[in-house]
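# A look at the structure
As a plain string of letters, each chain reads:
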Amino acid sequence: ERPGIVMTTESPSPCGWAPGTSAGRGHVLGGGSMYHRSLVTIVSLALFLGFASYSQAQIVQEVDPVLRGAIAAADPGAGQISSTRCAACHTFDENGPNRVGPNLYGIVGRVIGGKEGFNYSPPFQQLMAAGDMWTFEKLDDFLADPRGTVPGTRMAVPGIASEADRHSLIAYLRTLSASPFPLE
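The present account deals with the structure reproduced in this document. (Residues numbered from 1 in each chain as written. Predicted model: local features only at pLDDT ≥ 70, side-chain atom pairs only at ≥ 80, totals over all residues. Heavy atoms only, no water.)

### Examining the overall build of the protein
Helix and strand counts for the protein come out as seven helices and two strands. Starting at the N terminus and ending at the C terminus, the protein contains elements arranged as β-β-α-α-α-α-α-α-α. For the protein, the residues scored as buried account for 45% of the 184 residues in total. Put simply, 58% of the contacts in the protein that link residues at least 6 apart link residues at least 24 apart. Of the roughly 9,400 Å² that the protein leaves accessible, carbon and sulfur atoms contribute 59%. (Helix = DSSP H or I, 4+ residues; strand = E, 2+ residues; numbered from the N terminus. Buried < 20%, exposed > 50% of the residue type's maximum accessible area, 1.4 Å probe, protein only. Contact = heavy atoms within 4.5 Å. Areas by Shrake-Rupley, 256 points an atom, 1.4 Å probe, with all protein chains shown as cover.)

### Quick word on the pattern of salt bridges
Taken as a whole, this structure holds two salt bridges when the rule is applied. With a shortest N-O distance of 3.8 Å, Lys138 and Asp132 are connected by a salt bridge. Each of the two residues, Lys138 as well as Asp132, counts as buried. A salt bridge links Asp140 to Arg166, with the nearest nitrogen and oxygen atoms 2.8 Å apart. Taken together, the positions of Asp140 in helix 5 (residues 136-144) and Arg166 in helix 7 (residues 163-175) put the pair 26 residues apart, joining distant regions of the chain. Judged by relative accessible area, Asp140 falls into the buried class, the value being 2%. (Salt bridge = Lys/Arg side-chain N within 4 Å of Asp/Glu carboxyl O.)

### Quick word on the packing of helix 2 (residues 65-73) against helix 7
Contact pair helix 2 / helix 7: the axes reach a minimum separation of 8 Å and the direction vectors enclose 70 degrees. On the basis of their axis angle, the class for helix 2 and helix 7 is roughly perpendicular. On the side of helix 2, the interface is formed by Leu67, Ala70 and Ile71, while helix 7 contributes His167, Ile170 and Ala171. A per-class count over the contact of helix 2 with helix 7 returns five nonpolar, one polar and no charged. (Axes fitted to C-alpha atoms, helices over the stretch in contact; angles between N-to-C directions. Parallel < 35°, antiparallel > 145°, perpendicular 65-115°, else oblique. Nonpolar A, V, L, I, M, F, W, Y, C, P; charged D, E, K, R; others polar.)

### With respect to unusual backbone geometry
For residues that are not glycine, phi is negative in most cases, and the peptide bond is trans in most cases. Phi at Asn95 is positive, roughly 65 degrees, even though this residue is not glycine. If you trace the backbone, Asn95 turns up in the loop between helix 3 (76-82) and helix 4 (122-130).

### A look at helix 7
Here helix 7 contains 13 residues, and its C-alpha end-to-end distance of 19 Å stays within 8% of the 18 Å for a straight helix at 1.5 Å per residue. Buried within helix 7 we find Arg166, His167, Ser168, Leu169, Ile170, Ala171, Tyr172 and Leu173. Against helix 2, helix 3 and helix 5 lie the buried residues of helix 7. (Expected span 1.5 Å × (residues − 1).)

See the structure below:
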């Protein structure tokens, strides 16, 4: 497994680190070596203290090119339609309230378990403490099998089996941001 933190020369953060991901297909989120977790802790602390901030330029996602292409080709409009099944528990508007689940505006690139004001289950609290982020891969894995990806989650939905439906939903979620994360 490759480290989840990637050193970049383009990063404007004072510490020079940009958070990345490497959960890998089908792995339980929050994995990684002690080296990886130590770096995530350093980055999380720098973010908390205001020495660094997340931005499109700083977040380096090691996106599977096949998944990247599938999300790029997916229809966000179809994803918005399929998100209606999520609306029973989630809101999607900027500054929208949390419901049974957290508000999903800005989820792509957000720290997992990091939506302020939401009472996350212990597994999500652990992922937040580790500084794990909602990347395209982690969203795809979680949406496919929430309980298998994050054992102990309170999310009752069994998952979305159709890759096309997941990719459209992720394409839609990506648009829920003042500055959506690039796919390239």
